[in-house]
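Each chain, written out:
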Number of protein chains: 2
Amino acid sequence: MNTPAPTSAFAPLKNDTFIRACLRQATDYTPVWLMRQAGRYLPEYRATRAKAGSFMGLATNTDYATEVTLQPLERFPLDAAILFSDILTVPDAMGLGLSFALGEGPKFAHPVRDEAAVGKLEVPDMDKLRYVFDAVTSIRKALNGRVPLIGFSGSPWTLACYMVEGAGSDDYRLVKTMLYSRPDLMHKMLQVNADAVALYLNAQIEAGAQAVMIFDSWGGVLADGAFQEFSMAYTARVLAQVKKEHNGVRIPSIVFTKGGGMWLREMRPLDCDVLGLDWTVNLAKARVLVGESKALQGNIDPNVLFANPAQIEAEVAKVLNSFGTPHTGAGHGPTHIFNLGHGISQHTPPDHVAVLVQAVHEQSRKMRS
Amino acid sequence: MNTPAPTSAFAPLKNDTFIRACLRQATDYTPVWLMRQAGRYLPEYRATRAKAGSFMGLATNTDYATEVTLQPLERFPLDAAILFSDILTVPDAMGLGLSFALGEGPKFAHPVRDEAAVGKLEVPDMDKLRYVFDAVTSIRKALNGRVPLIGFSGSPWTLACYMVEGAGSDDYRLVKTMLYSRPDLMHKMLQVNADAVALYLNAQIEAGAQAVMIFDSWGGVLADGAFQEFSMAYTARVLAQVKKEHNGVRIPSIVFTKGGGMWLREMRPLDCDVLGLDWTVNLAKARVLVGESKALQGNIDPNVLFANPAQIEAEVAKVLNSFGTPHTGAGHGPTHIFNLGHGISQHTPPDHVAVLVQAVHEQSRKMRS
C-alpha cells in the first residue's frame, strides 16, 4: 500500500486563491504564504523535531513531515502549504551523504570536486526519494483540500554549489573555481542536476503537489553572464521537462532566484508562471521588467517581523502598494502572491506572523474595493 | 614633528592614469587596482602581520601600514595604492572597542543597541584617528609620486551594521530590528556616522589622500525603499561635506555599494565621480542606467583568479568588452577603472594577479588602437 493515491482520490480544493493568483486570475484578496513557514520559530515545530532526533529524521518520516507542514496552518490562515523537506534531497539520493548537525547548515560527506567525481554523477533512482513522495501524498490527504500544497526543489546551480562546496560557503570559491577553470565539468554536473530535478518535481506532482517551486537560492552569487549560462539555462532545462498539468489540472511553477533582481528582464522567457523576488526588488519596476506574462511572488524583508504590529502593518502596505492593484474581473492580468523575500527567521515571534497574514488579507481586500 | 607635511611637499604624480579615469578623461589604457590588494594572499603581508602581532597592531603602526600598502606595488604594476586600514576605525574612535581575533572578522566590545547607547554617540575627536592620517602621509611620501593614494571609509549604514550587530552578521537581524522598530534611533546614528565619516575623509585628504572611496559594503542587504532612506541618503550627506579639491587639485570620490546594482539609476544624482560595481552588474547596462556623468569601477568576480592564466585573460576580455571602448581624445567621456567586484580572496595565487593586471593593461591598450 505504498503506492501514492491517485490525485482523483484527494478532496477538492476549498481555497484556490493561491493557485488562481499563480495563474494570473482575479482573487478576492492577495494570497500569502511564507518561505520556511514550518520551522524553528514555532515551539510546536521544535517539539516535533526533538522527537524526530534530527532534521533528516523529521524529513524522512511521513508522519512527522505531515505534522510540521500543517503546524503553521493551525495558527495562521495561510493560503498555501509547502512540503516540509530540504532542497538537498536530490544530491543526497545521488550518494553524496547529506547530514545536518544541530544549529549548523547542511554538509555532504562526499563533495564533488574533480573530473572523476563528476563522471560518476547520475540521475538518481527516484525510489531513493520515495520518502519525499510519500510525505507529499500524506500531507495532501491531511490538508483535505484546505489549501494547495507546493512541492519544491533546489535549482541545478544551487544544488551544484552545495555539491562542490560540501556545505554552505561565504565566497563559493570551490564551485566557482570549477566553473571558471573547468566549465565542461560544471555543465556536465548541471545537466545531471537539471534532469534529476525535473524527474523529482514530476514525481512530487504525481504524488499530489499542486504547484512546484524551484529555489535558485545561490543564483545571485554569480557574475553577469555566468548567471545566464550556469543557472538560468538549467532552470529553463528543468522547466522544459516539468509537467504543466496533471489529471487535467494546471500545476503552476514558481522560480525564485535570491539576488536575481538584476536579471528580471532576461528571465522573461522562462517557461514558469510565477517569479519569486527578494526584498531588494521594487515590485512596480519588476512588473515592467518581467512583463505581463507572469505573476510575482514576494517580497517583504523577514526582519520586518521584528518590528511592532503597527509597523508590520505599515510595511505590508508598502509592499502591497508597490505592486499596485492586482487584476480584477475575468481573464488574466497582473497578480501578486505575498511572501517574504527569504525564509522566516527562527527568532520571529509567532504573534507577529499572525499580524502580517491578517494585514495582507485585510489591506488587499480593501485595495480591490 | 607629528604634523602632516603640506601636500605641496609631496613628489609630483608620475602615473595619473587612475585619477584621469576617475575624472572621465582619456587614458592610454584602463587603469587597474584591486580591493584588498594589500592582504593575506601575499606571503610578505603575512610576514609583516606576524611581526605586528595583530591586525590593529598593523593598522596603527605607521611603518607597518606603509610597508604593507606598498607590497602589492612591488609585485604588480597597479595604477593606484589604497591606504591600509579598516572600515571600522571611526566607530572604534567613538569608543566601541574594535578588535580582530585571528582568522575571524571584526568585533565591537560595546555594540549600540538601545536609545541610551545611541544617545551617547558623538562625532569622535579626529585626534583619536591620528594614526590613520599619519599612515596616509607616510604612505604618500613612500609612494614618491609613483601612483595615487586612495583613502577610504565605511559608509554610514555599513558602520551602523557593525555598530549594532557588534560583529559580522548573516541576517542583519539586530540592525534591521532597530531600523524597522526605531527608525528615529537609526536616523540619529546615521547622522552622527555621516558627519564623522565626512570629517574623517577630509582629514585623510589633508594628510595626503588623492582620492577617497566610501565602501557601502552592506547597502545591498537593505530592502528597496530602505536602501534609499537609510543608506544612500547618508552617503549623500557624506559627499555633500567631502572636499572636492585640495590645494587646487581635484580629489575624486568613489562610492561602492555591494549588491546595489538594482539602484544604479537612483544613484545617478550622487555627488561623486565614480560608482563601484560588483560582478552581478552588466557594465554596458550600468552605463545606460548611470548616464554619462560618472566613471565606473569594477567588476570581475575575484574567483576568476582561481582559473588558469588563459581563462583569466578571457574573463578580463569579457569585462573590458562589456564596458566597451572608453573615451579617447579631449574633454570628458565614459571611462572605466578595472577592479574586482569585491575584495581579493586570501587564497589567491599571487602569480594570477600578475596575469590579470597585465591582461587589463595589454588588452585595454589594444582596444584603444
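Residues numbered from 1 in each chain as written. Chains lettered and ligands numbered in written order. Predicted model: local features only at pLDDT ≥ 70, side-chain atom pairs only at ≥ 80, totals over all residues.

1. So, the sheet that holds strand β4 (residues 149-154) of chain A
Residue and element names in this part refer to chain A.
Next up, step 1: An order of β1-β4-β5-β8-β9-β10-β11 is seen for the 7 strands of this open sheet, with the pairing classed as parallel. The two strands at the open ends of the sheet, each matched to only one other strand, are β1 (81-82) and β11 (336-340).
Next up, step 2: Looking at chain direction, strand β9 (residues 274-276) and strand β10 (residues 295-300) are connected through 3 bridges and run parallel. Following the sheet pairing, Leu275 is matched in β10 by Leu296.
Next up, step 3: Against the sheet, helix α7 (residues 130-143) touches β1 and β4, its axis set at about 155° to β4. (Pairing = 2+ DSSP bridges. Helix = DSSP H or I, 4+ residues; strand = E, 2+ residues; numbered from the N terminus. Contact = placed C-beta atoms within 7 Å. Axes fitted to C-alpha atoms, helices over the stretch in contact; angles between N-to-C directions.)

2. So, the sheet that holds strand β9 (residues 274-276) of chain B
All names here are of chain B.
Next up, step 1: Strand order in the open sheet formed by 7 strands is β1-β4-β5-β8-β9-β10-β11, and the pairing between neighbours is parallel. Looking at strand neighbours, the two that pair on one side only are β1 (81-82) and β11 (336-340), the edges of this open sheet.
Next up, step 2: Where β1 meets strand β4 (residues 149-154), 2 bridges bridge the pair, whose relative direction is parallel. Within the sheet, the bridge partner assigned to Ile82 lies in β4 and is Ile150.

3. Some details on the interface of chain B and chain A
Next up, step 1: The interface is formed by 28 residues belonging to chain B together with 28 residues belonging to chain A.
Next up, step 2: Listed by contribution, the elements that provide at least two residues to the side of chain B that touches chain A are α9 (173-181) and α14 (309-323) of chain B.
Next up, step 3: For the side of chain B that touches chain A, the residue count by class is 9 nonpolar, 12 polar and 7 charged. (Nonpolar A, V, L, I, M, F, W, Y, C, P; charged D, E, K, R; others polar.)

4. Notes on unusual backbone geometry
Residue and element names in this part refer to chain A.
Next up, step 1: Asn299 follows Gly298 through a cis peptide bond whose omega is -5°.
Next up, step 2: Here Asn299 shows up in strand β10.
Next up, step 3: In the Ramachandran plot, Asn144 falls in the positive-phi region, its phi being about 55° despite a non-glycine side chain.
Next up, step 4: Relative to the assigned elements, Asn144 resides in the loop between α7 and β4.
Next up, step 5: Note on Asn144: 10 C-beta atoms within 10 Å, which makes it exposed. (Buried ≥ 20, exposed ≤ 12 C-beta atoms within 10 Å, placed from the backbone.)

5. Describing the relation of the copies chain B and chain A
Next up, step 1: Between chain B and chain A, which share one sequence, the superposing operator has a rotation angle of 180° and an axial displacement of 0.0 Å; the RMSD is 0.0 Å. Accordingly, the operation relating the two chain copies is best matched by a two-fold axis. Within chain B, Met262(B) has its C-alpha nearest the rotation axis, a separation of 3.1 Å.
Next up, step 2: When the interface residues of chain B are mapped onto chain A, 100% of them again lie at the interface, so the same face is used by both copies. (Least-squares fit on C-alpha atoms with pLDDT ≥ 70 in both.)

6. Comments concerning the packing of helix α8 (residues 156-165) of chain A against helix α9 (residues 173-181) of chain A
Residues and elements named next belong to chain A.
Next up, step 1: It is the contact of α8 with α9, at a shortest axis distance of 8 Å, that shows an interaxial angle of 110°. Judged by the inter-axis angle, α8 sits roughly perpendicular to α9. In this structure, α8 contributes Ala160, Cys161, Val164 and Glu165 to the contact, and α9 contributes Leu174, Val175 and Met178.
Next up, step 2: Of the residues belonging to the contact of α8 with α9, the class tally is 6 nonpolar, no polar and 1 charged. (Parallel < 35°, antiparallel > 145°, perpendicular 65-115°, else oblique.)

7. Describing the nonpolar core
Next up, step 1: Of all hydrophobic cores here, the largest spans 250 residues; its most connected members are Ile150(A) and Ile150(B).
Next up, step 2: Here Ile150(A) is in contact with Ala80(A), Ala81(A), Ile82(A), Leu83(A), Ala209(A), Ala211(A), Val212(A) and Met213(A), once residues within four sequence places are set aside. (Core = buried A, V, L, I, M, F, W, Y, C linked by C-beta atoms within 7 Å.)

8. Topic: the packing of helix α7 (residues 130-143) of chain B against helix α10 (residues 183-207) of chain B
Residues and elements named next belong to chain B.
Next up, step 1: Here α7 crosses α10 at 35°, and the two axes come no closer than 8 Å. Every pair of crossing elements has a handedness; the one defined by α7 and α10 is right-handed. Contact residues: α7 offers Val132, Phe133, Val136 and Thr137, while α10 offers Ala203, Gln204 and Ala207.
Next up, step 2: Within the contact of α7 with α10, the residues separate by chemical class into 5 nonpolar, 2 polar and no charged. (Left-handed = near helix turned anticlockwise from the far one by under 90°.)

9. Looking at the pairing of strand β5 (residues 211-216) of chain A
Note on strand geometry: in a regular strand, side chains alternate between the two faces of the sheet.
All names here are of chain A.
Next up, step 1: Burial within β5 is extensive, with 6 of its 6 residues counted as buried.
Next up, step 2: Going residue by residue along β5, you find Ala211, Met213 and Phe215 tucked away on one face and Val212, Ile214 and Asp216 tucked away on the opposite face as well.
Next up, step 3: Both β5 and strand β8 (residues 253-257) contribute to a ladder of 5 bridges, which runs parallel. Counted as the bridge partner of Val212 is Ser253 from β8.

10. Some remarks on the pairing of β11(B)
All names here are of chain B.
Next up, step 1: Counted residue by residue, β11 has 5 buried out of 5 residues, so it is predominantly covered.
Next up, step 2: On β11, burial covers both faces: His336, Phe338 and Leu340 on one face and Ile337 and Asn339 on the other are all buried.
Next up, step 3: Summarising the sheet, strand β10 (residues 295-300) and β11 pair through 5 bridges and their orientation is parallel. Directly across from Gln297, in β11, lies its bridge partner Ile337.

11. Remarks on the confidence of the model for chain A
Next up, step 1: Across chain A, the average pLDDT comes to 96, with 98% of residues at or above 70.
Next up, step 2: Across the interface, the model reports ipTM at 0.94; the global pTM reads 0.95. (pLDDT = per-residue confidence, 0-100.)

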